[in-house]
Amino acid sequence: MRYLAPTTLEDAVHMLAEDPGDCRVLAGGTDLLVRLRSGHAEPDSILDIKRINALREITGEEGGWRIGAAVSGAEMREHEGLCADWPGVVEAASLIGSTQIQGRCTIAGNLCNASPAADSVPAMVAAGAVARIAGPNGTRDVAVEDVPQGPGKTCLEKDEFVASIFLPARPEKSGDAYLRFIPRTEMDIAVVGCAVSLTLSDDGTCTAARVSLGAVAPTVILVPEAAAALEGTKVDDGALEALANACTKAANPIADKRGTVEFRTHVAGVLARRAANIALTRAGG
Amino acid sequence: MSKIHVTTKINGDPVEYLCEPDETLLDVLRDKLGMTGSKEGCGTGDCGACSVTVNGRLVCSCLVLGAEAEGTEIGTIEGMAQGEALHPLQQKFIEHAALQCGICTPGILVAAKSLLENNPDPTEEETRYWLAGNLCRCTGYDKIIRAVLDAAADMREAS
Ligand SMILES: Cc1cc2nc3c(=O)[nH]c(=O)nc-3n(C[C@H](O)[C@H](O)[C@H](O)COP(=O)(O)OP(=O)(O)OC[C@H]3O[C@@H](n4cnc5c(N)ncnc54)[C@H](O)[C@@H]3O)c2cc1C
Ligand code: FES
Ligand code: FES
């Protein structure tokens, strides 16, 4: 195995494109190194993107935030501007693993690992986040919900990688939240995850919403019917009931040792309602 | 496989080593450098027995490649006591009997030191969450938490 550690984006693109064998991008390594050590991955090369300074930064852009693919969860939590605008995305990223894992894990890695239960992905989807993908033909921007294609599968070509994640500007009176259900209080994989992002008008009417579910389908899903249940309402009991029903309907989970189909389907609705309430409070509703 | 030459600092001292591209920092520390204080409990990021700091950030050294340490500063359990003088956390772990078999102890001490550097006055809840990635099969955690909170109080008084 070769270890490659480019210091510029151009070099990284070039190395990945030129590599004849199986070359894996290394961000925090909290998924990749586990797989490497267990023999589930045997790449010919590893391309470490952490020495590329441009990918280590959180920068303001058009009123929103661009998060480099090598920024760790701990660094996100320490960024005041990001926490103020997107508390739901930051809380979702903060749920990944332990303090030790937080010191390394990235949301781009969480996305590219393409687990249906990835915690930060529903929050990014609800936020309307966009992944900037770099490759030999330049960069392209893809909505986060379109990146995962199935468990462990993404829309990335072999010679492409995610350079950054963009979180758009936040209108006044907006809020987001992410909740997951796990059997323990920390260090566990989501049985169900749900993120809600919404914006209110001055009179408290919901003018825009996005709702996303994790761990109830082969990929994290955007649930437009759930968003529609909130839009145009005051996010009152009736709207929350409709939201919960839409999420329960959209959930199409498998049964495993962590939860039955019935349980997961029910919890999807319960979490949606609770997450919407938190997002509402954060929006000042 | 061609070996990679790495220059780094461990507990303040300049260190150089050669490692394989797929060798973890934990294996380098233990097998190449003879620093066996960091333990391997799981090798999958779950137990925290291998905790070290890289550029001040608490991480699992079993999930870091030796090659990634190039140009960084690493802190391990071996850097905790100053000669014969134990760190207050180490002293309190003994006083509170916060260890039994001791396998988890180096990792927990490194993690607790990192907590107190970030937050000199943590609540019990903050302490428990910070240390959630450090598993202990013996103590039941309570004595560990008491020892950390007691050390924190002493260290605040001393500073
Ligand atoms: C103890 C433990 C607890 C965990 N708990 C959780 C949890 O609670 N919730 C959760 O969601 N996850 C959890 N995880 C999984 C993991 O930490 C996350 O998925 C994390 O976000 C992965 O990020 P990373 O930067 O470490 O990815 P890496 O391991 O570096 O990469 C993951 C995958 O994505 C690819 N990749 C990484 N970056 C890019 C990029 N920029 N472009 C293209 N491909 C890329 C890699 O090649 C690899 O296939 C846990 C892992 C461990 C070890
Ligand atoms: S040995 Fe590294 S976390 Fe268990
Ligand atoms: S003292 Fe034995 S594992 Fe903690």
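Predicted model, so just to flag it, every value in this text is computed and none were measured.

Notes on the overall build of chain B
Stage number 1. The number of helices and strands found in chain B is five helices and five strands.
Stage number 2. Reading the secondary structure of chain B in the N-to-C direction produces β-β-α-β-β-β-α-α-α-α.
Stage number 3. Whereas a compact globule of 159 residues would reach a radius of gyration of roughly 15 Å, chain B reaches 16 Å, a difference of no more than 12%.
Stage number 4. Considering only C-alpha atoms, chain B reaches an extent of 50 × 30 × 25 Å along its principal axes.

A word on the site of ligand 1
Stage number 1. Around ligand 1 there are 33 residues in total, and V25, T30, D31, T106 and D119 of chain A lie nearest to it.
Stage number 2. Flanking ligand 1 are residues from chains A and B.
Stage number 3. Contacts to ligand 1 include V25 of chain A, whose backbone N or O atom sits 2.6 Å from an oxygen atom.
Stage number 4. A distance of 2.7 Å separates an oxygen atom of ligand 1 from a polar atom in the side chain of T106 of chain A.
Stage number 5. Relative to its free-state accessible area of 980 Å², ligand 1 is covered by the protein chains to the extent of 91%.
Stage number 6. Broken down by secondary-structure element, the contributors of at least two residues to the shell around ligand 1 are β2 (23–26), α2 (32–38), α7 (107–113) and β10 (161–167) of chain A.

Things to note about the interface of chain A and chain B
Stage number 1. Every contact between the two is made by 25 residues of chain A and, on the other side, 30 residues of chain B.
Stage number 2. Between chain A and chain B, a total of about 2,200 Å² is buried, with carbon and sulfur atoms accounting for 59% of that surface.
Stage number 3. Our count for the chain A to chain B interface comes out at four salt bridges.
Stage number 4. Here chain A is connected to chain B by 10 residue pairs in polar contact (both at pLDDT 80 or more).

Describing the sheet that holds strand β12 (residues 192–200) of chain A
Residue and element names in this part refer to chain A.
Stage number 1. Within the open sheet, the four strands sit side by side as β11-β12-β13-β14. Their pairing is antiparallel. Since the sheet does not close on itself, it has two edges, and those belong to β11 (174–181) and β14 (221–222), each with one partner.
Stage number 2. Taken together, the eight bridges between β12 and strand β13 (residues 206–214) define a ladder with antiparallel strand orientation. Bridging from a neighbouring strand, S197 pairs with R210 of β13.
Stage number 3. Relative to β11, helix α11 (residues 261–282) is tilted by about 150°, and along the sheet it contacts β11, β12 and β13.

Describing the domain arrangement of chain A
All names here are of chain A.
Stage number 1. Here chain A is partitioned into domain 1 (2–50 + 57–167) and domain 2 (174–283).
Stage number 2. When each unit is reduced to the centre of its C-alpha atoms, the spacing between domain 1 and domain 2 is 24 Å.
Stage number 3. The interface of domain 1 with domain 2 comprises 27 residues on the first partner and 21 residues on the second.
Stage number 4. For the domain 1 and domain 2 pair, buried surface summed over both sides reaches about 1,800 Å², with 61% attributable to carbon and sulfur atoms.
Stage number 5. In terms of surface lost to domain 2, no three residues of domain 1 exceed P116, P122 and A126, which account for 27% of the buried area on that side.

A word on the sheet that holds β2 of chain A
All names here are of chain A.
Stage number 1. Read from one edge of the open sheet, three strands run β1-β3-β2, paired in parallel fashion. The sheet is open, and its two borders are formed by β1 (2–4) and β2, each paired with just one other strand. Pairs of neighbouring strands in the sheet enclose a mean axial angle of 25°, with direction left out of account.
Stage number 2. Bridging between β1 and strand β3 (residues 45–48) involves three bridges; their strand directions are parallel. What sits directly across from R2, in β3, is S45.

A word on the packing of helix α5 (residues 87–94) of chain A against helix α8 (residues 120–127) of chain A
Residue and element names in this part refer to chain A.
Stage number 1. Interaxial distance between α5 and α8 falls to 8 Å at its minimum, and their mutual angle equals 165°. The angle between α5 and α8 places the two elements in the roughly antiparallel class. When the axes of α5 and α8 are compared, the crossing they make is left-handed. Packed against α5, whose contacting residues are G88, V89, A92 and A93, the element α8 presents S120, A123, M124 and A127 at the interface.

Some remarks on α8 of chain A
Residues and elements named next belong to chain A.
Stage number 1. Counting buried positions along α8 yields eight of eight residues, so the element is predominantly enclosed.
Stage number 2. Taken residue by residue, α8 has S120, V121, P122, A123, M124, V125, A126 and A127 as its buried positions.
Stage number 3. G128 sits one or two residues past α8 and shows a positive phi near 70°.

Points about the confidence of the model for chain B
Stage number 1. Looking at chain B as a whole, its pLDDT mean stands at 97, while 99% of the residues score no less than 70.
Stage number 2. Both scores are given for the predicted complex: the pTM is 0.97, the ipTM 0.97.

Remarks on the side chain of R66 of chain A
Residues and elements named next belong to chain A.
Stage number 1. Tracing the sequence through the fold places R66 in strand β5 (residues 64–68).
Stage number 2. Judged by relative accessible area, which is 11%, R66 ranks as buried.
Stage number 3. There is a polar contact of 2.8 Å between the side chain of R66 and the side chain of S164.
Stage number 4. Look past the residues within four positions of R66 in its chain and what remains in contact with it is E57, I58, T59, E61, R132, S164, I165 and F166.

As for α11 of chain A
Residue and element names in this part refer to chain A.
Stage number 1. Here α11 is 22 residues long and its end C-alpha atoms lie 31 Å apart, about the 32 Å a rise of 1.5 Å per residue gives.
Stage number 2. Along α11, the residues that are buried comprise R264, T265, V267, A268, G269, L271, A272, A275, A276, A279 and L280.
Stage number 3. Its buried side turned inward, α11 meets β11, β12, β13 and α10 (237–250).
Stage number 4. Looking one or two residues beyond α11, the residue adopting positive phi is G284, at roughly 85°.

Here's the deal with the domain arrangement of chain B
All names here are of chain B.
Stage number 1. According to the domain assignment, chain B consists of domain 1 (4–79) and domain 2 (88–158).
Stage number 2. Taken over C-alpha atoms, the centre of domain 1 sits 21 Å from the centre of domain 2.
Stage number 3. Counting residues at the interface gives 12 residues for domain 1, matched by 12 residues for domain 2.
Stage number 4. Carbon and sulfur atoms supply 65% of the area that domain 1 and domain 2 bury against each other, a total of about 960 Å² over both sides.
Stage number 5. Here domain 1 and domain 2 share zero salt bridges between them.
Stage number 6. Where domain 1 touches domain 2, the interface holds three residue pairs in polar contact (both at pLDDT 80 or more).
Stage number 7. Here the element with the most residues in the side of domain 1 that touches domain 2 is strand β3 (residues 51–54); it accounts for three residues.

Conventions adopted
Residues numbered from 1 in each chain as written. Chains lettered and ligands numbered in written order. Predicted model: local features only at pLDDT ≥ 70, side-chain atom pairs only at ≥ 80, totals over all residues. Heavy atoms only, no water. Helix = DSSP H or I, 4+ residues; strand = E, 2+ residues; numbered from the N terminus. Rg over C-alpha atoms; globule rule 2.2 N^0.38 Å. Near = heavy atom within 4 Å. Polar contact = N/O pair within 3.5 Å; in protein donor to acceptor, adjacent residues only side chain to side chain. Areas by Shrake-Rupley, 256 points an atom, 1.4 Å probe, with all protein chains shown as cover. Contact = heavy atoms within 4.5 Å. Buried area = accessible area lost by both parts, 1.4 Å probe. Salt bridge = Lys/Arg side-chain N within 4 Å of Asp/Glu carboxyl O. Pairing = 2+ DSSP bridges. Axes fitted to C-alpha atoms, helices over the stretch in contact; angles between N-to-C directions. Domains from an automatic or database assignment. Parallel < 35°, antiparallel > 145°, perpendicular 65-115°, else oblique. Left-handed = near helix turned anticlockwise from the far one by under 90°. Buried < 20%, exposed > 50% of the residue type's maximum accessible area, 1.4 Å probe, protein only. pLDDT = per-residue confidence, 0-100. Expected span 1.5 Å × (residues − 1).

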